[in-house]
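# Topology and contacts: notes
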Amino acid sequence: MTTMPVDQLKEEEAREELKRLAKLIAHHDMLYYIEDQPEISDADYDKLRQRNAAIEKRFPHLVREDSPSLRVGAPLLGPFKKVKHLKPVLSLDNGFEDKDVYDFMDRIRRFLGLSRDTPIDIVAEPKIDGLSATLRYEKGIFILGATRGDGTEGEDITQNLKTLKDIPEVVEDKTFPALTEIRGEVYMRHNDFLAMNQEREKDHLPLFANPRNAAAGSVRQLDPKVTASRPLKFFAYSCDDYSPFHETTHWDFLVKLKGWGFTTNPLARLCKTTEDILTYYHELEAQRASLPYDIDGIVYKVNRIDWQRRMGASGRAPRWALAHKFPAEKAQTVLKDILIQVGRTGTLTPVAILEPVTVGGVVVSRATLHNEDEIARKDIRVGDTVLLQRAGDVIPQVLSSLKDKRPEDSHPFIFPHTCPVCGSHAVRLPGEVARKCIGGLICTTQAALRLRHFVSRDAFDIEGFGSKHIDAFYKEGLIHSPQDIFTLEERNKESLTPLRTREGWGPLSSHNLFKAIDVRRKIPLHRFIYSLGIPQVGQATAKLLARHYLSYTGWKDAMIAAKDQGGEPYAELMSIDGIGPSVSADLIAFFDEPHNLKVLDELLQEITVLNEAPPQASASPLANKTIVFTGTLDRMTRSEAKVRAEALGAKVSSSVSAKTDYVVVGADAGSKAKAAHAFGIKVLNEVEWLKLLE
Ligand code: IVH
């Protein structure tokens, strides 16, 4: 991941980075809003958005059409009807420290041209950690309820919202506008959430990670009866447009809402000074753990509606409001044990087994300890009282142990040097933090995880063949190695206990599985490379390799030959831009293992690996040529040059070898230019390079 400071980015790098961030943020939005399975903490998510905003501020002309700053929430998905909001549903800018609050107040003053001593009333409200919803009322009747969606369009969840007692079906008051959208947050209280999860546990249903996910999952139920059975609540806090209400302040508006039968948050407070605001913030921060629902900060809103109107919004958030976030929640508990988990590539990961404790409404009984060095550095021992942190919705982390509460007979944790699954040696290579089980073949956990990876979406993508089936087939001895998947149907015909007779399977489902396996007997090279699960060879690296070597045999022969580090194949592998010594070492190690070659041979009897299409077999003078750039180019950045060359079918490499066709030399070029002369390779200066591009 690029972490180059924003002020050092060149224009082309900024463009690339904005593209990357748009994609990444959209991905995390999807996980958070749609799948209710976030992978990163709220704090890390906020950092991504902040970086995006900072780059856009420096390069306003680079703001993308799909920029995250122009969009709120996730794209729409799912079976619900889409509905357009009366006005876009905005989000909030975030602040994290007291200084951000002073800055916010200064901004208001500057924007409105108010003097230092003009008082600015602010309404401070708890920021409920739920999901926002809009309620449309026509002539006082609740006619349409929707999720926020992308801010412009949401999903129609009217029937589900009608089951909430906090939402009045009718508002009988002449002063209530003929058409309006009341907005607020759907959430679940801690005790309701815990009771619901207990029920689910009894019924062997998957548990919700936290109240927010439970609320989001419940509101998107297809059957309103299910929603009705879920203990959902709603706090109202705004509307699409204040004009038809005739209130002059947000505070009065909240009072009116309450009078009409909506539930407003009783903890909201009208503050007169910045000091008032901060006192309120710290008061609620202290109360946070004992509140009956999750809040993740305080929202400040300019009270005067005419001022709000003058300030308007910038991008996705109103200028007159700020969300002041709380720091991650922490808790203490006793570390009962340290368990060692084995991953697909054999990495041993230490997991803390904890005396269950509630951190921000979620019961935590496991947390990650990262790796061997972390445990040693923090001197964490079984029996210690440890400090935990739940940052957002991610896996909790053990921050430290409280040494004064340590039992006298405790001793340092000794990280095992053998695999807990198969008993093989677990070794640490120089420079690596992870200790790895070397029993690749006999280690059952690794084998099952590798098979899961093999059939996964970006690899062989065998439909309907999920982890549960893989694990069961592996345990029963039906599938041990990837090739067994493709002989399953043949063996099944001769089997005394064919699949269709097994529990959970029938004639149709087993037929479908065999069909799904069959359609994957042809696979593009890059997917195939990725499917093998070679350490460090993810999708991007697999694509680099496929584009370079084009065919399965070309690739395989080259990898076997690359073992000789003095030879040409090794130099060629290393010359691929994006592949360095560490990835090369893993590739070579994989092909150096006779068992892997045997598996490959057997697998290739069942499947066909499709050649990668050579990049643009066009008339371009650069098609299939290998280019190395060195030195500083005047007219374009190195990244742009690379993109342009690749678009014309060239391969861009980082080092010069006998296979290099052109070396483009910019200012201050060093050894590579010399190497080019030594190899007798055509050297181009920048002008010649630009001509070639034309
Ligand atoms: S006001 C234009 N008030 O926080 C005003 N939002 O991070 C927009 N939220 O999308 C919202 N409690 O889902 C507001 N008291 C509160 C809130 C609140 C929670 C949520 C809301 C919003 C998100 C922004």
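Our structure is the block above this text.
Parameters and conventions
Residues numbered from 1 in each chain as written. Predicted model: local features only at pLDDT ≥ 70, side-chain atom pairs only at ≥ 80, totals over all residues. Heavy atoms only, no water. Helix = DSSP H or I, 4+ residues; strand = E, 2+ residues; numbered from the N terminus. Buried < 20%, exposed > 50% of the residue type's maximum accessible area, 1.4 Å probe, protein only. Contact = heavy atoms within 4.5 Å. Areas by Shrake-Rupley, 256 points an atom, 1.4 Å probe, with all protein chains shown as cover. Lys, Arg positive; Asp, Glu negative; His and termini not counted. Charge placed at Lys NZ, Arg CZ, Asp CG, Glu CD. Expected span 1.5 Å × (residues − 1). Pairing = 2+ DSSP bridges. Axes fitted to C-alpha atoms, helices over the stretch in contact; angles between N-to-C directions. Arc of directions from axis to C-beta. Near = heavy atom within 4 Å. Polar contact = N/O pair within 3.5 Å; in protein donor to acceptor, adjacent residues only side chain to side chain. Nonpolar A, V, L, I, M, F, W, Y, C, P; charged D, E, K, R; others polar.

## Some details on the overall build of the chain
- The number of helices and strands found in the chain is 24 helices and 26 strands.
- If you line up the chain on its principal axes, its C-alpha atoms span 85 × 70 × 60 Å.
- Out of the 694 residues belonging to the chain, those deemed buried represent 49%.
- Considering only contacts in the chain between residues 6 or more positions apart, those separated by 24 or more positions represent 68%.
- Accessible surface computed for the chain: about 34200 Å², of which carbon and sulfur atoms make up 53%.
- Side chains of the chain carry 93 positive and 97 negative charges; the gap between the two charge centres is 2 Å.

## Some details on helix 12 (residues 444–455)
- In a regular helix each residue adds 1.5 Å, so 12 residues correspond to 16 Å; helix 12 covers 17 Å between its end C-alpha atoms and thus fits that length.
- Among the residues of helix 12, Gln446, Ala447, Ala448, Leu451, His453, Phe454 and Val455 are the ones counted as buried.
- The elements touched by buried residues of helix 12 are strand 14 (329–342), strand 20 (436–437), helix 13 (467–475), helix 14 (482–494), helix 16 (525–531) and helix 21 (594–604).

## Some thoughts on the sheet that holds strand 10 (residues 295–302)
- With mixed pairing, five strands are arranged side by side in an open sheet as 2-13-10-3-9. This sheet does not close on itself; its edge strands, each paired only once, are strand 2 (94–95) and strand 9 (269–271).
- Inspection of the sheet shows strand 10 paired to strand 13 (residues 321–325) by five bridges, in the antiparallel sense. Counterpart to Val299 in the pairing with strand 13 is Ala323.
- Docked against the sheet, helix 8 (residues 250–259) engages strand 3 (122–128), strand 9 and strand 10, running at close to 55 degrees with respect to strand 3.

## Considering helix 24 (residues 686–693)
- All buried positions along helix 24 are accounted for by Glu686, Trp689, Leu690 and Leu693. End-on, the buried residues of helix 24 take up no more than an arc of 100 degrees, which puts them together on one face. Those residues of helix 24 that are exposed and angled more than 90 degrees off the buried face are Val687 and Lys691.

## Examining the environment of Ala448
- Looking at where Ala448 falls in the secondary structure, it is placed in helix 12.
- Measuring from C-alpha to C-alpha, the distance between Ala448 and Ile128 comes to 41 Å, with 320 residues separating the pair along the chain.
- Once residues within four sequence positions are removed from consideration, Ala448 is found in contact with Ile470, Asp471 and Tyr474.

## Focus on unusual backbone geometry
- A positive phi is found at Lys139, a non-glycine position, where the angle reads about 50 degrees.
- Residue placement: Lys139 occurs in the loop between strand 4 (131–138) and strand 5 (141–147).
- Classification of Lys139 by relative accessible area gives exposed; the value is 72%.
- Here Asn624, not a glycine, exhibits a phi torsion of approximately 60 degrees, which is positive.
- Mapping Asn624 onto the fold places it in the loop between strand 22 (608–610) and strand 23 (626–630).
- For Asn624, a relative accessible area of 37% translates into the label partly exposed.

## Side note on the pairing of strand 4
- In terms of burial, strand 4 is a largely internal element, seven of the eight residues being buried.
- Taken together, the eight bridges between strand 4 and strand 7 (residues 179–188) define a ladder with antiparallel strand orientation. By the bridge assignment, Leu131 is partnered in strand 7 with Val186.
- The sheet contact formed by strand 4 and strand 5 spans six bridges and is antiparallel.

## Description of the site of the ligand
- Near the ligand, the surroundings consist of 14 residues, among which Glu125, Ile128, Arg148, Glu185 and Tyr237 are the closest.
- Residue Glu125 places a side-chain N or O atom 2.8 Å away from a nitrogen atom belonging to the ligand.
- In the complex, the protein chains occlude 90% of the 520 Å² of accessible area that the ligand would expose alone.
- Among the elements of the structure, strand 3 and strand 10 are those that each provide at least two residues to the shell around the ligand.
- The biggest single contributor to the shell around the ligand is strand 3, with four residues.
- Of the residues that constitute the shell around the ligand, the class distribution is seven nonpolar, two polar and five charged.

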